[in-house]
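# Structural characterization, general
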Amino acid sequence: SKIAPYLDRHLVFPLLEFLQVKAMHPEGEILNAKIQLLQKTNMVDFAMDIYKNLHNTEEVPQAMMERRTEVVKKLKACQESALPMVQFLGNGNLVKQLRQDRQQNLAFLAEHNVGVEQIDALYTFAKFQF
């Protein structure tokens, strides 16, 4: 609890896994800590699974269900926004034509209906999935 607030969530989770495997703390405490950690992420389904395991139930709080709906909606919006860039990158022939020159690449991308907005959308989509 002293160092965890200063670490990235992705670093804290393996530490919690380690503590759980080593049974250094009560499992309920570890599972609660995992849920608290995941509440601030987009890993809602995983948090729901941990909640179900912790409370031996198939029901989850309404707040978790609402958060899941919100995350899925945002994921779909990010996916749609990034689609032109994803399709471009999926075409190996087009990717091979990219060069070191940023301006030339932007012009080339624009010819294929990909602009700065789609590039930013791909970044947002990738970050959302992380």
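Conventions used here
Residues numbered from 1 in each chain as written. Predicted model: local features only at pLDDT ≥ 70, side-chain atom pairs only at ≥ 80, totals over all residues. Heavy atoms only, no water. Helix = DSSP H or I, 4+ residues; strand = E, 2+ residues; numbered from the N terminus. Rg over C-alpha atoms; globule rule 2.2 N^0.38 Å. Buried < 20%, exposed > 50% of the residue type's maximum accessible area, 1.4 Å probe, protein only. Contact = heavy atoms within 4.5 Å. Polar contact = N/O pair within 3.5 Å; in protein donor to acceptor, adjacent residues only side chain to side chain. Axes fitted to C-alpha atoms, helices over the stretch in contact; angles between N-to-C directions. Parallel < 35°, antiparallel > 145°, perpendicular 65-115°, else oblique. Left-handed = near helix turned anticlockwise from the far one by under 90°. Core = buried A, V, L, I, M, F, W, Y, C linked by side-chain atoms within 4.5 Å. Salt bridge = Lys/Arg side-chain N within 4 Å of Asp/Glu carboxyl O. pLDDT = per-residue confidence, 0-100.

## Considering the overall build of the chain
The secondary structure content of the chain amounts to seven helices and zero strands. Over its C-alpha trace the chain gives a radius of gyration of 20 Å, far above what one expects of a compact globule, namely 14 Å for 130 residues. For the chain, the spread of C-alpha atoms along the three principal axes comes to 60 × 30 × 25 Å. Within the chain, buried positions represent 24% of all 130 residues. Of all intrachain contacts in the chain linking residues separated by at least 6 positions in sequence, the fraction that spans at least 24 positions is 42%.

## As for the side chain of Gln118
Along the chain, the position of Gln118 falls in helix H7 (residues 116–129). At 2.6 Å, the side chain of Gln118 forms a polar contact with the backbone nitrogen of Gly115. Once residues lying within four places of it in the same chain are set aside, the contact partners of Gln118 are Ser81, Pro84, Met85 and Asn113.

## Remarks on the packing of helix H2 (residues 27–38) against helix H3 (residues 44–55)
The interhelical angle for the contact between H2 and H3, taken along N-to-C directions, is 155 degrees, at an axis separation of 9 Å. Relative to H3, the element H2 lies roughly antiparallel. Relative to H3, the crossing made by H2 is left-handed. Residues Gly28, Leu31, Asn32, Lys34, Ile35 and Leu38 of H2 pack against Phe46, Ala47, Ile50, Tyr51, Asn53 and Leu54 of H3.

## A few points about the nonpolar core
Leu16, Leu37, Leu38, Met48, Ile50 and Met64 are the most contacted members of the largest nonpolar core, which has 16 residues in total. Per element, the largest residue contribution to this core is five residues, and it comes from H2. With residues up to four places along the chain from it excluded, the contact list for Met64 reads Ile35, Val44, Ala47, Met48 and Tyr51. Judged by nonpolar contacts, the second largest core, of six residues, contains Met85, Phe88, Phe108 and Leu109.

## Some words on the pattern of salt bridges
Summed over the entire model, instances satisfying the criterion amount to three salt bridges. Note that Lys34 and Glu17 form a salt bridge whose closest N and O atoms lie 2.6 Å from each other. Residue Lys34 is found in helix H2, and its partner Glu17 is found in helix H1 (residues 9–22); the two are separated by 17 residues along the sequence. A salt bridge links Arg68 to Asp45; its shortest N-O distance comes to 2.5 Å. Of this pair, Arg68 sits in helix H4 (residues 62–89) while Asp45 sits in helix H3, and the two are 23 residues apart along the sequence.

## So, the confidence of the model for the chain
Taken residue by residue, the chain gives an average pLDDT of 90. The fraction at 70 or more is 99%. Mean pLDDT values for the elements of the chain range from 88 in H1 up to 94 in H4.

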